[in-house]
Amino acid sequence: MPDKGELGWRLVAGAAAFGAGFAARKAITFGWKRAIGKEPPTNPESPEVELKEAIAWAVVMGVGMEVARLLATRAAANRWHKSTGELPAALRTAVDKAKSVA
C-alpha cells in the first residue's frame, strides 16, 4: 500500500497531467484550425477522413499531449520538491534511493 507521500504525489501529478491535457487539447485544436483552416477530425479512424489528415492529427495530438503531460509533471515535481525538500519517490534516481535507504 502506498504511503501518504506517494499517494499525495500521485494525486498532485494526476491533477497536473489532467489540467495540462485539457489545456493542450484546446490549444492544439485551436492551432490546427488556424494552420489548416478547418476543424480537426473528430474520428480519425473513419475511412471518410483522408489518411494523411488522420495521421497528421494523431501525430500532432500525441506529441502535444505527451509534451504537455511531461511539462506539467516536471513543474509539479519542482513544486513538490520545494515544499517537501525531496523529490517524489517515483522520480528519484536509483542512486538517490540507495542514499535514502542507507
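Definitions and limits used
- Within any chain, residue numbers begin from 1 and follow the written order of that chain's sequence.
- For a predicted model such as this one, the threshold for reporting local features is a pLDDT of at least 70, and the threshold for listing and counting side-chain atom pairs is 80 or more; totals across whole chains, interfaces and linings nevertheless cover every residue.
- Note that the side-chain values use all heavy atoms of the structure and ignore hydrogens as well as water.
- Put simply, DSSP marks the helices as runs of H or I at least four residues long and the strands as runs of E at least two long, and each gets a number from the N terminus on.
- Buried, partly exposed and exposed residues are distinguished by accessible area as a fraction of the type maximum, computed with a 1.4 Å probe on protein chains only: under 20%, between the cut-offs, and over 50%, respectively.
- Contact criterion: two residues are considered in contact whenever any of their non-hydrogen atoms come within 4.5 Å of each other.
- Residue burial considers only the protein chains on display, and all accessible areas are found by Shrake-Rupley using a 1.4 Å probe.
- The pairing test for Phe, Tyr and Trp rings, Trp by its six-membered ring, is centres within 6.5 Å, and the orientation test on the planes gives stacked under 30 degrees, edge-to-face over 60, and tilted for anything in between.
- UniProt positions are given in the numbering used here, feature names are shortened, and annotations may be inferred rather than shown by experiment.
- Put simply, buried Ala, Val, Leu, Ile, Met, Phe, Trp, Tyr and Cys residues joined by side-chain atoms within 4.5 Å make one nonpolar core.

Under an unreviewed UniProt entry, the protein has the name DUF4235 domain-containing protein and belongs to Actinoallomurus liliacearum.

Let's shift gears to the overall build of the protein. Looking only at helices and strands, the protein features 3 helices and 0 strands. Each helix and strand of the protein, placed in order from N terminus to C terminus, yields the pattern α-α-α. Looking at the protein as a whole, 25% of its 102 residues are labelled buried. In the protein, 55% of the contacts between residues at least 6 apart in sequence involve partners at least 24 apart. Only carbon and sulfur atoms are counted for the fraction: they give 63% of the accessible area of the protein, which is about 7700 Å².

What the rule picks out here adds up to 2 aromatic pairs. A centroid spacing of 5.8 Å and a plane angle of 70° characterise the contact between Trp-9 and Trp-80, whose relative ring orientation is edge-to-face. Of this pair, Trp-9 sits in helix H1 (residues 4-36) while Trp-80 sits in helix H2 (residues 51-84); the two residues are 71 residues apart in sequence, bridging distant segments of the chain. For the residue pair Trp-9 and Trp-80, the accessibility class agrees, reading buried in each case. Here the aromatic rings of Trp-32 and Trp-57 are separated by 5.1 Å at their centres, their planes lie at 80°, and the arrangement is edge-to-face. Taken together, the residues Trp-32 in helix H1 and Trp-57 in helix H2 connect sequence positions 25 residues apart.

Turning to the UniProt feature "transmembrane region" (unreviewed entry) in the protein, a few remarks are in order. The sites that UniProt annotates as "transmembrane region" (unreviewed entry) are residues 7-24. A distance of 25 Å separates the end C-alpha atoms of residues 7-24, which is 100% helix and 0% strand.

Another aspect to go through is the nonpolar core. One finds Ala-20, Ala-24, Ile-28, Trp-32, Trp-57, Met-61, Ala-68 and Ala-72 forming the largest nonpolar core, which totals 8 residues. When contributions to this core are tallied by element, the ones reaching two or more residues are H1 and H2. Among residues more than four places away in sequence, those in contact with Trp-57 are Ile-28, Thr-29, Trp-32, Pro-40, Pro-41 and Pro-44.

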